[in-house]
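# Structural description and commentary
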Amino acid sequence: MDKQLNFRAHISQVKEKYNKAFRAQYSLICRNSSLNLNNKVLIYLAYLRPILTYASPIWAFTARSNLGSIQVLENNTLRMIANARWYHRNIDIRNALNLPSLPHFIQKLAKNFYGKLPDINNPELAKIPVYDHNDKQNPFSSLTVVMEDVEEAAERARLSANNDSAMGDIEPHTRPAVPGRTCEHRIEKVRLESEMSNPV
């Protein structure tokens, strides 16, 4: 464990373990895989996400950069599973796949974890303060805000980089808007939702 409790070593180990597991499942969840969307999502939920969130009620107070690196791994995986285009927003992909965001899922794990502590007959565990997710002074109450800020910043950077790459040498004032809410975007979202509801 880190002397300063920043969990940097743990996060590095999580990323290394996740990447190894991701490579093992790549042929099943890659964009060209013939596996249907429901099964791809199931592989992520059952095999990959538990690696990212293991012991998360303990290490979720780590630095924003560490949380952001975990979020990036999830975003990249879901984009591959959904075969998303560069202009699709991560939040829309999660909504189409009916998946909660990583911070909300970690909050749920924390509520369950701390909620079960009073039922455990252990004098040391009894010393842990009662967890109240509605308490504004509780660090977990700001977890969602922190991680969503990280995710929004990463999303803006991704869209900006991809847009600049796609537009090439076009003058800035003549560049079309990123099609985040265009008809084509909505069609793609409907496609994802229909594949989830009607698996092959």
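Above: the structure in question.
Everything in this summary refers to the structure shown in the same document. Only a predicted model underlies this, so the values are computations on that prediction, with no experimental measurement involved. Here, residues in each chain are numbered from 1, in the same order as that chain's written sequence. Owing to the predicted nature of the model, reporting of local features is limited to residues with pLDDT of at least 70; listing and counting of side-chain atom pairs is limited to 80 or more, with chain, interface and lining totals taken over all residues. As a rule here, side-chain values come from all non-hydrogen atoms in the structure, and water together with hydrogens is ignored.

The helix count covers DSSP runs of H or I at least four residues long, the strand count covers runs of E at least two residues long, and both are numbered beginning at the N terminus. Here His 88 is to be found in the loop between helix H4 (64-81) and helix H5 (90-97). Pairs of N or O atoms within 3.5 Å make up the polar contacts considered here, provided that, within protein, one atom can donate a hydrogen while the other can accept it, and that residues adjacent in sequence are counted only when both atoms are side-chain atoms. In this structure the side chain of His 88 is engaged in a polar contact, spanning 3.0 Å, whose partner is the backbone nitrogen of Arg 85.

Here the axes come from fitting lines to C-alpha atoms, over the contacting stretch only for helices, and the angles between their N-to-C directions go from 0 to 180 degrees. Direction vectors running N to C along helix H1 (residues 8-29) and helix H2 (residues 37-53) enclose 165 degrees, while the axes themselves pass 9 Å from each other. For the element pair H1 / H2, the angle class is roughly antiparallel. Classified by chirality, the crossing of H2 by H1 is right-handed. For the pair H1 and H2, contact is made by Val 14, Lys 17, Tyr 18, Ala 21, Phe 22, Gln 25, Leu 28 and Ile 29 and by Lys 40, Ile 43, Tyr 44, Tyr 47, Leu 48, Ile 51 and Leu 52, respectively. Counted by class, the contact of H1 with H2 contains 12 nonpolar, one polar and two charged residues. Roughly parallel means an angle under 35 degrees; roughly antiparallel, over 145; roughly perpendicular, 65 to 115; everything else is oblique. Left-handed describes a crossing whose near helix is turned anticlockwise from the far helix through less than a right angle; right-handed describes the clockwise counterpart. Should any heavy atoms of two residues lie within 4.5 Å, those residues are considered in contact. Here the term charged refers only to Asp, Glu, Lys and Arg, the term nonpolar to Ala, Val, Leu, Ile, Met, Phe, Trp, Tyr, Cys and Pro, and the term polar to all other amino acids, Gly among them.

Any pair of Phe, Tyr and Trp rings, taking the six-membered ring for Trp, is counted once the centres come within 6.5 Å. Such a pair is stacked with planes under 30 degrees apart, edge-to-face with planes over 60 apart, and tilted for the rest. Per the stated rule, a full pass over the model turns up four aromatic pairs. Ring geometry for Phe 22 versus Tyr 26: centroids 6.1 Å apart, planes at 65 degrees, classification edge-to-face. In this pair, Phe 22 and Tyr 26 are both assigned in helix H1, four residues apart and thus about one turn of the helix distant. Assessed through its relative accessible area of 41%, Tyr 26 is described here as partly exposed. Ring centres of Phe 113 and Tyr 114 lie 4.9 Å apart, and the angle between their planes is 80 degrees; on these two criteria the pair is classed as edge-to-face. Overall, the relative accessible area of 36% leaves Phe 113 in the partly exposed class. Summary of the burial criterion: residues with accessible area below 20% of their type's maximum are buried, those above 50% are exposed, and those between are partly exposed, where the area comes from a 1.4 Å probe applied to protein chains only. Judged by relative accessible area, which is 16%, Tyr 114 ranks as buried. Every member of this aromatic cluster is reached through a ring pair, and the members are Tyr 18, Phe 22 and Tyr 26. Above the face of the Phe 105 ring, Arg 49 is positioned so that its terminal group lies 3.6 Å from the ring centre. In this scheme, Lys NZ or Arg CZ marks a charge over a ring once it lies within 6 Å of the ring centre and within 35 degrees of the ring normal.

Moving on, we come to the side chain of Ser 33. Relative to the elements of secondary structure, Ser 33 occurs in the loop between H1 and H2. The class for Ser 33 is buried, based on a relative accessible area of 15%. Within the structure, the side chain of Ser 33 is placed 2.7 Å from the backbone oxygen of Leu 28, a separation counted as a polar contact. Ignoring any residue separated from it by four or fewer positions in sequence, one finds Ser 33 in contact with Ser 27, Leu 28 and Lys 40.

Attention shifts here to the pattern of salt bridges. In the sections that follow, a salt bridge refers to a side-chain nitrogen of Lys or Arg positioned within 4 Å of a carboxyl oxygen of Asp or Glu. Applying the stated criterion to the full structure yields one salt bridge. Asp 92 is the partner of Arg 89 in a salt bridge, and the nearest nitrogen-oxygen pair spans 3.2 Å. Its relative accessible area of 6% is what places Asp 92 among the buried residues.

Coordinates in, geometry out; function isn't part of it.
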